[in-house]
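# A closer look at the structure
Given next are the chains, with one letter for each unit.
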Amino acid sequence: MNQSFYIGAVGAHQQLRHLNVHGDNIANVNTMGFKANKARFTELMFQNMRAIVDDEQPYGVGTRMLMTSTDFSQGTPGFTGRPFDYMIEGDGFFALADLSTGEISFTRNGAFKMSEYMRPGNEVDEEGRPILEPVFCLSDGQGRFVLSQEGGLIEVTNSQEELPIGIFDYINYDGMDYRRDTRVLPIEKNGDLRIGDGKLIQSYVEMSNTDLAEELSKVIEAQRAYGLALKMVQTSDEVETTINSLRS
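Computed from a predicted model, the values in this text were never measured in an experiment. (Residues numbered from 1 in each chain as written. Predicted model: local features only at pLDDT ≥ 70, side-chain atom pairs only at ≥ 80, totals over all residues. Heavy atoms only, no water.)

## Structural notes on the side chain of arginine 144
The topology assignment puts arginine 144 in the loop between strand S8 (130-139) and strand S9 (145-146). Looking at arginine 144, the relative accessible area reads 9%, which means it is buried. Here glutamine 142 takes part through its side chain, which lies 3.3 Å from a polar atom of the side chain of arginine 144. A polar contact is formed between the side chain of arginine 144 and the side chain of aspartate 181, at a distance of 3.3 Å. Excluding its chain neighbours within four sequence positions, the residues that come into contact with arginine 144 are Leu96, Ala97, Asp98, Ser105, Ser139, Asp181 and Arg183. (Helix = DSSP H or I, 4+ residues; strand = E, 2+ residues; numbered from the N terminus. Buried < 20%, exposed > 50% of the residue type's maximum accessible area, 1.4 Å probe, protein only. Polar contact = N/O pair within 3.5 Å; in protein donor to acceptor, adjacent residues only side chain to side chain. Contact = heavy atoms within 4.5 Å.)

## Re the layout of surface pockets
Approximately 420 Å³ is the volume found for the largest pocket. For the lining of the largest pocket, the secondary structure elements donating two or more residues are helix H1 (2-27), strand S2 (56-70) and strand S11 (177-178). Looking at side-chain class alone, the lining of the largest pocket contains 7 nonpolar, 8 polar and 5 charged residues. (1 Å grid on protein atoms, 1.4 Å probe; cavity = no way out; pocket = protein on both sides within 12 Å on 5 of 7 lines; lining within 4 Å. Points joined across faces, edges and corners; volume = space filled by probe spheres on them. Nonpolar A, V, L, I, M, F, W, Y, C, P; charged D, E, K, R; others polar.)

## Here we look at empty space enclosed by the protein
If you walk through the whole model with that rule in mind, you get 1 cavity of 30 Å³ or more. Size it by volume and the largest cavity reaches roughly 40 Å³. What lines the largest cavity is Gly33, Lys35, Phe72, Phe93, Phe106, Thr107, Arg108, Tyr178, Thr182 and Val184. Among the residues making up the lining of the largest cavity, the classes are represented as 5 nonpolar, 3 polar and 2 charged.

## Description of unusual backbone geometry
Within the chain, threonine 182 stands out as a residue other than glycine whose phi angle is a positive 65°. Phi is positive for serine 203, which is not a glycine, with a value near 70°. For serine 203, the location among the structural elements is in the loop between strand S14 (199-202) and strand S15 (204-206). By relative accessible area, serine 203 is classed as buried at 14%.

Structure representation (structure tokens):
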């Protein structure tokens, strides 16, 4: 009976994690550049039992959520009319540089802004150090600057012109470290960074690729599985209570 308790308890806990994944997807249905996550389950099978006729029968303790994988398919375009908004049609990412930490991250969210950047000017002070001068560069509005195809900052002089924003890509997206603010960080198995072949479209942004109908159906599925797992725990408790009462 301990086995059935364990199977039910594990199942209920894992379905709660399953619900969290789809709840996060639904919460970000209107987040620009968001990529939905999919729950991947595996069986908890650790040994085989020898049956009466010498056949080996599987013996395990239920299933668990092994991992989540990110769906990098393209979201729907959304027109904003803002000159600093961009979307990528096709594959690729925008590159964001955090100058304070040196971190380079990637995103599909092209809702950009102008931010002030203090760069060394041509004049020097009394000690021979370059005097910093303010320029406006394209950024994500959270302290990170958008990189050009050559890897430099993009200075904004005319808000209406199409800016030379870089599009970067990887051969393999599997296992990318997905951050909550729609950014991703590559890992070793993603391969080398390369120039992306996507097309820039100004005044549009890529919306979330969350399929609300699919997410709601998965929520119902997880809720029912959670209820069945709890029912298994309740039934196991009732059976054990009955057996203990017979012993006494």
